[in-house]
Amino acid sequence: MAAAEGLYTTFIINCAFNAFSSYTAIAFNIIAIQAMRKTPLPTPLKTLLMNLAFSDLGVGLLAQPMYVASLFLKAMKLNTDNYLFNIVSVVVVNILSFASFFFVTAVSADRFLAIHLHLRYQELVTLKRVVSAVISIWVFSAIFSLLFSFIPKMAFLAKVSLTACFISTTFFYVKIYVAVRRHTSQIQALQVYELSQNGETASALRLRKSAVSTFYVYVVFVACCLPKTCILLAGSRALQSTWMKHLNIYTFTLLLVNSSLNPVIYCWKMRHIRHTVFALLRNIYSKVCNNSNNNINVVGALEQFPETLISL
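Sequence order as written defines the numbering, with residues in each chain counted from 1. Local features are withheld for residues below a pLDDT of 70 in this predicted model, meaning they are given only at 70 or higher, and side-chain atom pairs are given and counted only at 80 or more; totals for whole chains, interfaces and linings count all residues. Computation of side-chain values: all heavy atoms of the structure, hydrogens and water removed.

As annotated in an unreviewed UniProt entry, the protein chain carries the name G-protein coupled receptors family 1 profile domain-containing protein and comes from Porites evermanni. UniProt positions are given in the numbering used here, feature names are shortened, and annotations may be inferred rather than shown by experiment. Recorded in UniProt for the protein chain, the comment headed Sequence similarities (unreviewed entry) runs: "Belongs to the G-protein coupled receptor 1 family." Per UniProt, the protein chain has the following entry under Subcellular location (unreviewed entry): "Cell membrane".

Next comes the structure, spelled out in structure tokens:
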């Protein structure tokens, strides 16, 4: 009871922040998904990014409302021992968190293959293989979530997998950075040749921009997930102190906030998605304005209706 009283302010602050972040995650990811559907991105990249956006949307729709409810119940000291609710919350949050992590890794692998395979990329990275990878990611996310929730002794498999994904993603982006530097030098050299080389130059520039854009997604994801990951690796003994309990709640909130930041990165760093988003927002604004004008016209007609009857 004393611990709950000491954490009351932390509970309330995180409730308010997650409630707001849940709304932004839902709104931003719906817009991002709709924009991706209408944006001419490479099919494998579009598929992976849309699934990442769907997992982020699930965080806003399910994970954060459950987390807010859990924190509120603890703050108000109401029904904090609801086992079923706690288990469902943990499983849902873990599935979506694992899926986001694996999709970030898959996106980095896709951009790595796009840069290093060149013309063979479309031959080897087919839509069928990408769909198989997407299904595998969701299945493994569910399995790892169940391991974390029900079989703590087997949770080390999930930790090993997450560590392997983190190392692999870092490796991919290091290799991408080296390739981008090399392509930059080649592009500068190609500028002195004939205009027939412009197609190759444009292709290299597109690959470079897409790799850099997905790198920002990776950096923000690591910044949001690393604090919570460190606490998980520290173990349950580290959570016995009060300040670590405060930190555990804030780091989990930071992990969930990542779902609201990814769509912002898409719009900020991916020009085609940004233009599509602006076009969607303009269409929504124009429809709202037209509806308001129509409502004003209807109200005006109703106000003039008695005068019309009198004239008749």
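Asker: Which parts of the structure should I look at to understand the confidence of the model for the protein chain?
Answerer: Atomic detail in the predicted coordinates should be set aside for any region of low pLDDT. Per-chain confidence: the protein chain averages 78 in pLDDT, with 78% of residues scoring 70 or above. Note on scores: pLDDT gives the predictor's confidence for each residue, bounded by 0 and 100. Each helix is a run of H or I in the DSSP string that is no shorter than four residues. Each strand is a run of E no shorter than two, and both are numbered from the N terminus. No element of the protein chain has a lower mean pLDDT than helix α1 (residues 2-6), at 54, and none a higher one than helix α2 (residues 8-37), at 90. Here residues 192-197 scores under 50 on pLDDT; set against residues more than four positions off or in separate chains, the count is one contact. By definition in these notes, contact holds between two residues if any of their heavy atoms fall within 4.5 Å.

Asker: Would you mind going over the nonpolar core with me for this structure?
Answerer: In this structure, Met36, Leu49, Tyr266 and Ile273 are the most contacted members of the largest nonpolar core, which totals 67 residues. Looking at which element gives the most residues to this core, the answer is helix α4 (residues 83-117), with 15 residues. The residues contacting Ile273, other than those within four sequence positions of it, are Ala35, Met36, Thr39, Leu41 and Tyr266. For our purposes a nonpolar core is just a set of buried Ala, Val, Leu, Ile, Met, Phe, Trp, Tyr and Cys residues, chained together by side-chain atoms within 4.5 Å. Burial classes follow relative accessibility: with a 1.4 Å probe on protein chains only, a residue under 20% of its type's maximum area counts as buried, one over 50% as exposed, and anything between as partly exposed.

Asker: Help me understand helix α6 (residues 127-150), please; the structure alone is not making it clear to me.
Answerer: Given 3.6 residues per turn, any residue in an α-helix points the same way as the ones three and four places further on. Here a helix's expected span is defined as the number of its residues, less one, multiplied by 1.5 Å. With 24 residues, α6 should cover 34 Å at 1.5 Å per step; its first-to-last C-alpha distance of 35 Å lies within 8% of that length. Among all positions in α6, only Val130, Val134, Ile137, Ser141, Phe144, Ser145, Leu147 and Ser149 are buried.

Asker: Sorry, what's going on with the UniProt feature "transmembrane region" (unreviewed entry) in the protein chain here?
Answerer: Those residues carrying the UniProt feature "transmembrane region" (unreviewed entry) are residues 6-33, 45-63, 83-109, 130-151, 157-178, 215-235 and 247-268 in this numbering. When the span residues 45-63 is considered, its composition is 100% helix and 0% strand, and the gap between its end C-alpha atoms is 25 Å. Secondary structure across residues 247-268 comprises 100% helix and 0% strand; the distance between its end C-alpha atoms is 30 Å.

Asker: Just checking my understanding: could you explain the side chain of Asp56 for this structure?
Answerer: Counting through the fold element by element, Asp56 comes out in helix α3 (residues 43-75). By the counting rule applied here, Lys and Arg register as positive and Asp and Glu as negative, while His and the ends of each chain are not counted. What counts as a salt bridge is simple: a side-chain nitrogen of Lys or Arg found within 4 Å of a carboxyl oxygen of Asp or Glu. The buried charged residue Asp56 lacks any salt bridge partner; its closest oppositely charged side chain belongs to Arg111, at an N-O distance of 16 Å. Any pair of nitrogen or oxygen atoms within 3.5 Å is treated as a polar contact; in protein, a donor-acceptor pairing is required on top of that, and neighbouring residues in sequence qualify only through side-chain atoms on both sides. There is a polar contact of 2.9 Å between the side chain of Asp56 and the side chain of Asn262. Setting aside chain neighbours within four positions, we find Asp56 in contact with Ala25, Asn29, Ser100, Ser259, Asn262 and Tyr266.

Asker: I keep staring at the packing of α3 against helix α9 (residues 242-269) and nothing clicks. Help me out?
Answerer: Packed helices, taken two at a time, are described by the angle between their axes plus the distance between the axes. Orientation is described by lines fitted to C-alpha atoms, with helices fitted over the stretch in contact, and by angles between N-to-C directions that extend from 0 to 180 degrees. The interhelical angle for the contact between α3 and α9, taken along N-to-C directions, is 145°, at an axis separation of 10 Å. As α3 packs across α9, the resulting crossing turns out to be left-handed. Contacts from Leu49, Leu52, Ala53, Asp56, Val59, Ala63, Gln64, Tyr67 and Leu71 of α3 reach α9 at Ile249, Phe252, Thr253, Leu256, Val257, Ser259, Asn262 and Tyr266. For any pair of crossing helices, the crossing counts as left-handed if the nearer helix is rotated counterclockwise from the farther one by less than a right angle, and right-handed if it is rotated clockwise.

Asker: Any chance you could explain the pattern of salt bridges here in plain terms?
Answerer: Side chains that differ in charge, positive against negative, can pair when their charged atoms come close. Applying the stated criterion across every chain yields a total of one salt bridge. Taking the shortest distance from any N to any O, the salt bridge between Asp110 and Arg111 comes out at 2.7 Å. By the burial criterion, Asp110 is buried, and Arg111 matches it.

Asker: Before we go on, may I ask you to explain the environment of Ala179 in this structure?
Answerer: Relative to the assigned elements, Ala179 resides in helix α7 (residues 155-190). Under the relative-accessibility criterion, Ala179 is labelled buried at 0%. Sequence spacing of Ala179 and Phe112 is 67 residues, and the spatial spacing of their C-alpha atoms is 9.1 Å. For Ala179, the residues in contact, after removing those within four places along its chain, are Ile115 and His116.

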